[in-house]
Amino acid sequence: MSRTAAEITTQPGCWRRAAEAAATFDGLPRPGERVAVTGCGTSWFMALAYAALREAAGQGETDAFAASEFPAGRAAAYDRVVVITRSGTTTEVLDLLARMRGATRTTALTADPKTPVVDAAERVAALDWADEESVVQTRFATTALAFLRAGLGDVPGVKPVAGAALDAELAVTEPLPEAVLAAEQWTFLGRGWTYGLALEAGLKMREAAGAWTEAYPAMEYRHGPISITGPGRVAWVFGALPEGLAADVARVGGTLHAHASADPMADLIRAQRLAVTLAEANGHDPDRPRNLTRSVILS
């Protein structure tokens, strides 16, 4: 078993521990604060998911940016900036925190408490039990989102983290559908907070398996992306299935994957497992994907 595959299976326990840790951490955004959330790559997609969840919870305006695209001069517009960085060494994140110093409160989520981000941010949540040996992020990303999600309390229409962890226990063991495994192309779709998960699923497939994947907001599917769907190709929907979408996928001969009853974070685990399975089947090493490193450090 690859390290990535082994790390994927530990996510239910990581999420439960994250929920416990969030209950005693005093650096999370408070209701009513205007917040920006940021990161790079996978962490940016988790930021997008959290921003949508926080607004759905009615806790305040929340924006999400890639760290390299954070609007210059907008620091004072936010009561708090939250950064997600597994390595704690990513150049764009550290540069952003340096610009934020003295302008607004900052909170960082990281897997390594012995890295520069600890000194760069005012408050740091070290989720070191979710750190990974693999270059490809799986459990740290979802654990960071579980931590932030738990801090929101009740979100309408969204399960508590404990419920997500129960669904995740099934997601790490249930066989993947044969039609999904045999496909040649996958389009991931989501609405609201699950759009970030769709983006992350597509990235995992490209990183680990070099697969042809795309990701879009679910209601944008009819505005172009449906043109790529056909026999041997999958439309994978995170969360609630938009009305009429199943019929649209069937009409063009595609395969629909939808686990509407499962927590969308648990369904992301299925996409992670698919990425590893395809990588290994094609002779790729999911722990050390082509052209990637654990952290991007710019000179």
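Bear in mind that the values here come from a model prediction, so they are computed numbers and not experimental data. (Residues numbered from 1 in each chain as written. Predicted model: local features only at pLDDT ≥ 70, side-chain atom pairs only at ≥ 80, totals over all residues. Heavy atoms only, no water.)

Regarding the packing of aromatic side chains
Spelled out, the test is: By convention, a stacked pair of Phe, Tyr or Trp rings (six-membered ring in the case of Trp) has centres within 6.5 Å and planes under 30 degrees apart, an edge-to-face pair has planes over 60 apart, and any other such pair is tilted. Here the term buried applies to any residue with accessible area under 20% of the maximum for its type, exposed to any over 50%, and partly exposed to those in between, with areas from a 1.4 Å probe on protein chains only.
Counted under the stated rule, the structure contains seven aromatic pairs. When the ring of Phe70 is compared with that of Tyr78, the centres are 6.0 Å apart and the planes differ by 65 degrees; the resulting orientation is edge-to-face. Here Phe70 matches Tyr78 in class, with each residue buried. Three or more aromatic residues link up through ring pairs in this structure, and these residues are Phe65, Phe70 and Tyr78.

Some remarks on the pairing of strand β3 (residues 80–85)
Note the cut-off: For helices the rule is a DSSP run of H or I covering at least 4 residues; for strands it is a run of E covering at least 2, with both sets numbered from the N terminus onward. Two strands are said to pair when DSSP picks up at least two bridges between them. Handedness rule for crossovers: strands pointing away from the viewer, path from the first strand over the helix to the second running clockwise, crossover right-handed.
For β3, the tally of buried residues reaches six of six residues, placing the bulk of the element in the interior. Burial along β3 is two-sided: the face carrying Arg80, Val82 and Ile84 and the face carrying Val81, Val83 and Thr85 are both buried. When strand β1 (residues 35–39) meets β3, the two strands line up parallel, connected through four bridges. Note on β3: the bridge partner recorded for Val35 is Arg80. Considered for its hand, the β-α-β crossover made up of β3, helix α4 (residues 91–100) and strand β4 (residues 105–110) is right-handed.

Section: the nonpolar core
For clarity, the cut-off: We call a set of buried residues a nonpolar core when its members are Ala, Val, Leu, Ile, Met, Phe, Trp, Tyr or Cys and they connect through side-chain atoms within 4.5 Å of each other. Residues are treated as being in contact if the distance between any of their heavy atoms lies within 4.5 Å.
Counting 70 residues, the largest nonpolar core has Trp15, Leu145, Phe147, Trp186, Phe188, Leu197 and Phe238 as its most contacted members. Sorting elements by how many residues they give to this core places helix α11 (residues 264–281) first, with ten residues. Ignoring any residue separated from it by four or fewer positions in sequence, one finds Leu197 in contact with Met46, Ala49, Leu145, Phe238, Pro264, Met265 and Leu268. Ranked by size, the runner-up nonpolar core spans 17 residues in total, among them Ala36, Phe65, Val83 and Val117.

Things to note about the layout of surface pockets
Counted only if it meets this: Put plainly, a pocket is an open set of points on a 1 Å grid over the protein atoms alone with protein on both sides within 12 Å along at least five of seven lines, a cavity is a set where a 1.4 Å probe fits but cannot get out, and a lining residue has an atom within 4 Å of a point. Grid points are joined across faces, edges and corners, and a volume is the space filled by probe spheres set on the points.
Each pocket or cavity is described by its volume, and for the second largest pocket that value is around 280 Å³. In this structure, the second largest pocket is lined by 19 residues; those nearest its centre are Gly157, Val158, Trp193, Thr194 and Pro264.

Examining the environment of Ala266
Structurally, Ala266 is set in helix α11. Separated by 123 residues in sequence, Ala266 and Thr143 have C-alpha atoms that sit 12 Å apart. The residues touching Ala266, leaving out its near neighbours within four places in the chain, are Trp15, Ala164, Asp167, Ala168 and Ala171.

Shape is all these values report; function is a separate question.
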